[in-house]
Number of protein chains: 2
Amino acid sequence: MKDPIRITYRLSCPKEEAEARAEAILLEQTVELPRAAVRNRFVERNILGKIESIQQVDEGLSEVIMNQPLAATGNNSAQLLNVLFGNVSLQPDVMLYDVELPEAAAQFLPGPALGTKGVRQLVGAEERPMTMTALKPMGLKPSELADLATSFVESGIDIIKDDHGLADHDFCPYMDRVAYVQEAVVKANERTGMNAIYAPNVIGSLMEMLQQISFAAEVGVKAIMFEPMLTGLPMMAEIASAGPRMAILGHPAFGGATRMAPELMNGKLFRWYGADAAIFPNFGGRFTYTEDECHRLAQAVREPMTGFKTCLPVPAGGIAFDRVDEVLDFYGRDVILLMGGSLYIAGEDMPARAKEFTDRVRAKFA
Amino acid sequence: MKDPIRITYRLSCPKEEAEARAEAILLEQTVELPRAAVRNRFVERNILGKIESIQQVDEGLSEVIMNQPLAATGNNSAQLLNVLFGNVSLQPDVMLYDVELPEAAAQFLPGPALGTKGVRQLVGAEERPMTMTALKPMGLKPSELADLATSFVESGIDIIKDDHGLADHDFCPYMDRVAYVQEAVVKANERTGMNAIYAPNVIGSLMEMLQQISFAAEVGVKAIMFEPMLTGLPMMAEIASAGPRMAILGHPAFGGATRMAPELMNGKLFRWYGADAAIFPNFGGRFTYTEDECHRLAQAVREPMTGFKTCLPVPAGGIAFDRVDEVLDFYGRDVILLMGGSLYIAGEDMPARAKEFTDRVRAKFA
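Residues numbered from 1 in each chain as written. Chains lettered and ligands numbered in written order. Predicted model: local features only at pLDDT ≥ 70, side-chain atom pairs only at ≥ 80, totals over all residues. Heavy atoms only, no water.

### Notes on the overall build of chain A
Next, step 1: Broken down by element type, chain A carries 14 helices and 13 strands.
Next, step 2: Since a compact globule built from 366 residues should have a radius of gyration of about 21 Å, the 22 Å found for chain A is in line with a globular shape.
Next, step 3: C-alpha atoms of chain A, sized along the principal axes, occupy 70 × 40 × 35 Å.
Next, step 4: Partitioning the contacts of chain A with sequence separation of at least 6, the portion at a separation of at least 24 is 74%.
Next, step 5: On chain A, roughly 12900 Å² of surface is accessible, and the fraction owed to carbon and sulfur atoms is 48%.
Next, step 6: Here chain A holds 35 positive side-chain charges and 48 negative ones, and the gap between their average locations is 4 Å. (Helix = DSSP H or I, 4+ residues; strand = E, 2+ residues; numbered from the N terminus. Rg over C-alpha atoms; globule rule 2.2 N^0.38 Å. Contact = heavy atoms within 4.5 Å. Areas by Shrake-Rupley, 256 points an atom, 1.4 Å probe, with all protein chains shown as cover. Lys, Arg positive; Asp, Glu negative; His and termini not counted. Charge placed at Lys NZ, Arg CZ, Asp CG, Glu CD.)

### As for the nonpolar core
Next, step 1: Core analysis: the largest hydrophobic core is formed by 236 residues, its most contacted members being Tyr9, Phe152 and Tyr273 of chain A together with Tyr9, Phe152 and Tyr273 of chain B.
Next, step 2: Leaving out residues up to four positions away in the same chain, Phe152 of chain A has contacts with Thr133, Ala134, Leu135, Ile157, Ile160, Leu343, Tyr344, Met350 and Ala354 of chain A. (Core = buried A, V, L, I, M, F, W, Y, C linked by side-chain atoms within 4.5 Å. Buried < 20%, exposed > 50% of the residue type's maximum accessible area, 1.4 Å probe, protein only.)

### Overview of the side chain of Asn189 of chain B
Next, step 1: Along the chain, the position of Asn189 of chain B falls in helix H6 (residues 174-192).
Next, step 2: Excluding anything up to four places from it in sequence, Asn189 of chain B contacts Val153, Met194, Asn195 and Ala196 of chain B.

### Some details on the sheet that holds strand E1 (residues 4-12) of chain A
Through backbone hydrogen bonds, the strands of a sheet pair up, either in parallel or in antiparallel fashion.
Residue and element names in this part refer to chain A.
Next, step 1: Strand order in this open sheet of 4 strands is E2-E3-E1-E4, and the pairing throughout is antiparallel. Of all strands in the sheet, those with a lone pairing partner are strand E2 (50-58) and strand E4 (94-100), marking the two edges. Each neighbouring strand pair of the sheet contributes to a mean axis angle of 20°, computed without reference to strand direction.
Next, step 2: Bridge analysis of E1 against strand E3 (residues 61-69) gives 9 bridges, and the strand direction is antiparallel. Looking at E3, one finds that Arg10 is bridged to Glu63. (Pairing = 2+ DSSP bridges. Axes fitted to C-alpha atoms, helices over the stretch in contact; angles between N-to-C directions.)

### Digging into the interface of chain A and chain B
Next, step 1: Counting residues at the interface gives 78 residues for chain A, matched by 78 residues for chain B.
Next, step 2: A buried area of about 6400 Å², summed over both sides, lies between chain A and chain B, and 63% of it is on carbon and sulfur atoms.
Next, step 3: Sorting the residues of chain A by area buried against chain B places Leu90, Met138 and Phe254 of chain A first, and these three jointly supply 12% of that buried surface.
Next, step 4: Our enumeration of links across chain A and chain B arrives at 1 salt bridge.
Next, step 5: Between Glu32 of chain B and Lys136 of chain A there is a salt bridge, with its nearest N and O atoms 4.0 Å apart.
Next, step 6: At the surface where chain A touches chain B, the tally comes to 24 residue pairs in polar contact (both at pLDDT 80 or more).
Next, step 7: Top contributing element to the side of chain A that touches chain B by residue count: helix H3 (residues 77-85) of chain A, with 5 residues. (Buried area = accessible area lost by both parts, 1.4 Å probe. Salt bridge = Lys/Arg side-chain N within 4 Å of Asp/Glu carboxyl O. Polar contact = N/O pair within 3.5 Å; in protein donor to acceptor, adjacent residues only side chain to side chain.)

### Some points on the packing of helix H6 (residues 174-192) of chain A against helix H7 (residues 206-218) of chain A
All names here are of chain A.
Next, step 1: Taken N-terminus to C-terminus, the directions of H6 and H7 make an angle of 25°; their axes are 10 Å apart at the nearest point. Here H6 lies roughly parallel to H7, going by the angle between them. Where H6 crosses over H7, the two elements pack in a sense that is right-handed. In this structure, H6 contributes Tyr174, Met175, Val178 and Ala179 to the contact, and H7 contributes Gln212, Ile213, Phe215 and Ala216.
Next, step 2: Per-class residue counts for the contact of H6 with H7 are 7 nonpolar, 1 polar and no charged. (Parallel < 35°, antiparallel > 145°, perpendicular 65-115°, else oblique. Left-handed = near helix turned anticlockwise from the far one by under 90°. Nonpolar A, V, L, I, M, F, W, Y, C, P; charged D, E, K, R; others polar.)

### Here's the deal with the pairing of E2 of chain A
Next, step 1: Judged from the 7 bridges that link them, E2 of chain A and E3 of chain A form a sheet pairing that is antiparallel. Within E3 of chain A, the residue paired with Gln55 of chain A across the bridge is Glu63 of chain A.

### Focus on the side chain of Ser62 of chain B
Residue and element names in this part refer to chain B.
Next, step 1: By the secondary structure assignment, Ser62 is in strand E3 (residues 61-69).
Next, step 2: Overall, Ser62 belongs to the buried group, its relative accessible area being 1%.
Next, step 3: With residues near it in sequence (within four places) discarded, Ser62 still touches Tyr9, Arg10, Leu11, Cys13, Lys15, Ala18, Gln55, Gln56 and Val57.

### Observations concerning helix H10 (residues 262-272) of chain B
All names here are of chain B.
Next, step 1: Within H10, 11 of the 11 residues are buried, which leaves the element mostly enclosed by the surrounding structure.
Next, step 2: Regarding H10, the residues found buried are Pro262, Glu263, Leu264, Met265, Asn266, Gly267, Lys268, Leu269, Phe270, Arg271 and Trp272.
Next, step 3: Once H10 finishes, Gly274 follows within two positions and takes phi at roughly 105°, a positive value.

### Digging into the sheet that holds strand E7 (residues 197-199) of chain B
Residue and element names in this part refer to chain B.
Next, step 1: The strand order across the open sheet built from 4 strands is E7-E6-E5-E13, with neighbouring strands paired in parallel fashion. Edge strands, defined here as strands with exactly one partner in the open sheet, are E7 and strand E13 (336-338). Each strand of the sheet is rotated relative to its neighbour by a mean of 25°, with strand direction disregarded.
Next, step 2: Bridge count between strand E5 (residues 130-135) and E13: 3 bridges; the pairing is parallel. For Met130, the partnering residue across the bridge sits in E13 and is Ile336.

### Examining the packing of aromatic side chains
Next, step 1: Per the counting criterion, the structure on display carries 14 aromatic pairs over all chains.
Next, step 2: Ring geometry for Tyr174 of chain A against Phe215 of chain A: centres 6.5 Å apart, planes inclined by 65°, an arrangement best described as edge-to-face. Of this pair, Tyr174 of chain A sits in helix H6 while Phe215 of chain A sits in helix H7, and the two are 41 residues apart along the sequence.
Next, step 3: Three or more aromatic residues joined by ring pairs form one cluster here, namely Phe280, Phe283, Phe330 and Tyr331 of chain A.
Next, step 4: Looking at Arg353 of chain A, its charged tip hangs above the ring of Phe321 of chain A, at a distance of 5.2 Å from the centre.
Next, step 5: For the cation-ring pair, Arg10 of chain B lies above Tyr97 of chain B, with the distance from its terminal atom to the ring centre recorded as 3.9 Å. (Phe/Tyr/Trp six-rings, centres within 6.5 Å; stacked < 30°, edge-to-face > 60°. Lys NZ or Arg CZ within 6 Å of the ring centre and 35° of its normal.)

### Topic: the pattern of salt bridges
All names here are of chain A.
Next, step 1: Taken as a whole and judged by the stated rule, the model has 43 salt bridges over all chains.
Next, step 2: The partner of Glu356 in a salt bridge is Arg360, and the shortest N-O contact between them spans 3.2 Å. Highlighted residues: Glu356 and Arg360, both in helix H14 (residues 350-364), separated by 4 residues, approximately one helical turn.
Next, step 3: When its relative accessible area of 29% is taken as the criterion, Arg360 is described as partly exposed.

### Some thoughts on helix H12 (residues 324-331) of chain A
Residue and element names in this part refer to chain A.
Next, step 1: When H12 is considered as a whole, its buried residues turn out to be Val324, Val327, Leu328 and Tyr331. Viewed along the axis of H12, the buried residues span an arc of 100°, placing them on a single side of the element.
Next, step 2: Contact partners of the buried residues in H12: strand E11 (277-281), helix H11 (291-302), strand E12 (312-316), strand E13 (336-338) and H14.
Next, step 3: Positive backbone phi, at 80°, marks Gly332, one or two positions downstream of H12. (Arc of directions from axis to C-beta.)

### Quick look at the relation of the copies chain A and chain B
Next, step 1: Once turned by 180° and shifted 0.0 Å along the axis, chain A lies on chain B with an RMSD of 0.0 Å. What we have between these two chains is a two-fold relation. Among all C-alpha atoms of chain A, that of Gly232 of chain A lies closest to the rotation axis, at 2.4 Å.
Next, step 2: Of the interface residues in chain A, 100% have counterparts in chain B that sit at the interface too, so the contact is made through matching surfaces. (Least-squares fit on C-alpha atoms with pLDDT ≥ 70 in both.)

### A few points about the pairing of E3 of chain A
Two faces, one strand: in a regular strand the side chains alternate between the faces of the sheet.
Next, step 1: Counting buried residues along E3 of chain A, 8 of its 9 residues qualify, which places the element largely inside the surrounding structure.
Next, step 2: What sits between the antiparallel neighbours E2 of chain A and E3 of chain A is a turn of 2 residues, in which Gly60 of chain A has the positive phi angle 75°.

### Structural notes on the confidence of the model for chain A
Residue and element names in this part refer to chain A.
Next, step 1: Confidence in the prediction for chain A averages 92 pLDDT; 99% of positions are at 70 or higher.
Next, step 2: Across chain A, the element-wise mean pLDDT spans from 86 in helix H10 (residues 262-272) up to 98 in H6.
Next, step 3: This complex was scored by the predictor with a pTM of 0.90 and an ipTM of 0.87. (pLDDT = per-residue confidence, 0-100.)

### Side note on unusual backbone geometry
All names here are of chain A.
Next, step 1: A cis amide bond links Lys136 with the next residue in sequence, Pro137, at an omega value of 0°.
Next, step 2: Turning to its location among the elements, Pro137 is positioned in the loop between strand E5 (130-135) and helix H5 (142-154).
Next, step 3: Not every positive phi belongs to a glycine, and Glu32 is a case in point at roughly 50°.
Next, step 4: Residue placement: Glu32 occurs in the loop between helix H1 (18-28) and helix H2 (41-46).

This is the structure:
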């Protein structure tokens, strides 16, 4: 087979049913017909995939590896998702566990536009781990968020992003917010010698998002945050390949990740579809990704891959203040630490706590 | 609270933990901060939602109903999804079970542009159930698919859609396919007196989809199929409200529906976000929606709702030929029956079998 996509599914079914289920999945994801109804030679030769292996990995759990031809995707980022998990996502015994792409897929998947190196250049952090926090809560006015941003720059935070719930609310219109916060960050940078960047949340209908991105570019914003599982992985891919040159932070909202392996959805897919940094819930916080999943996720976004720049892992979701060292030991230098609630809970002492956070991160590998 | 969104979650947790989990979810979905860190009066009054009830529905399963203010959505279709299931979708103990919108939500959610009545007018079926089939498999040429379409019109099928895996492949380019098939359907209509319509599959990046839709409109196509869970519910909403006047068939691919109730995702959300017809896997086929879920789904898309037209349920996913009567008894008149594989498996006899299928459906309530 030319350019096989190597797909691993995990099937919750008795061992003796695994072979029949594997065959059914293989057909469901491309021709969507029983094999007996496939009567065309071109289809048989060029579209039908094949099973590579079936192994029992646990009681009632089998791992099936199959090859589907890249040709089935039509070199289309949306159709690739259909081939991987279109219909079988609706079958609860199937988990999409891993995917390996042939090199030719880099022709139509953008990967990170800036990559790890580009993000490091933006914030002026050549080798050290970076820090990130979020502007919140929803309900604050643009000027209030701008004050928070100023304080965060003064505390040494590298990337200040909108909370993913900040949209274009009446009480905090997108354009006002972005103009205010961006100006605050630029001024605080000038005063402090920092290179902090602001990443507004891009969310809405298609036209709204395009307007949001173009406005952000106009006022000098260098990064945006995007929820690809909510507004579409293909949309993120298009922005990464055709949009203004900005870092893209991928946020996992609406991911419902339990049917796709976290390291695949939040890791590989985010990277392939153009995220420069992949935000994900760290183990031990208020979400449930395991240590092992987080390790594999970080590996998936950082390992070399022909045609794709590397993407930065951004562990988040309740990183406690006293776990910073441990988290850095786990992820190493190429990482962005995102701390939100653990800073906000300090109230009046937030600037001091944020400063201690950034100092610790900077000191770690110095 | 003004304009509350009433959201029901089902939590897999011991009864004594349900209250704390409910509070955590309430905060996670808007302010994303511990309550102690919310210090602003506007936020407390206008953004914080409230718990309406917590009930144990089964051993280890609690149902939480909460109210979140519509204001938190910023009247934005994408941000609504964030409020409903953004972050908590990543917590495997949470299932989004039901949502009731305040009437004001109809201001920013389009609902079906044509609705049941509009689709009936398109195909000239005032009262009877309608029929649908799919052009497949992937790998056939445009002319081959056009021949299939001709045969289906002659057999009395009302709506002929692309398989959801038909994208813009080298071996079957979108524009060629749409031009060929549309022409074949128009000619067959003229010859037979049918009013069959063709619904091409719209899939790709943003710009590709807009081009696909505009090309379809140019050549006289009156319906499109869309996979909103893959390319974005907000994108479908935008097409329904601002696109050319076409029926939209919503296909559930990439939905991974086990963490959202099927009747909510495939039913309510599809309708609210602009599908005129919601395709879903019927019970007893090769997917696992239950009879009860299918019943509620059909109800959700057809029940009266201020500001939203009704949407047609389209049971699919392996409807066996001998189950047509039973399926019609179950869904009644306002339904489209989608049969694919069960026709194709007949091989040379497919036209005759398709004719028998459409005859049965037409005769049922005559």
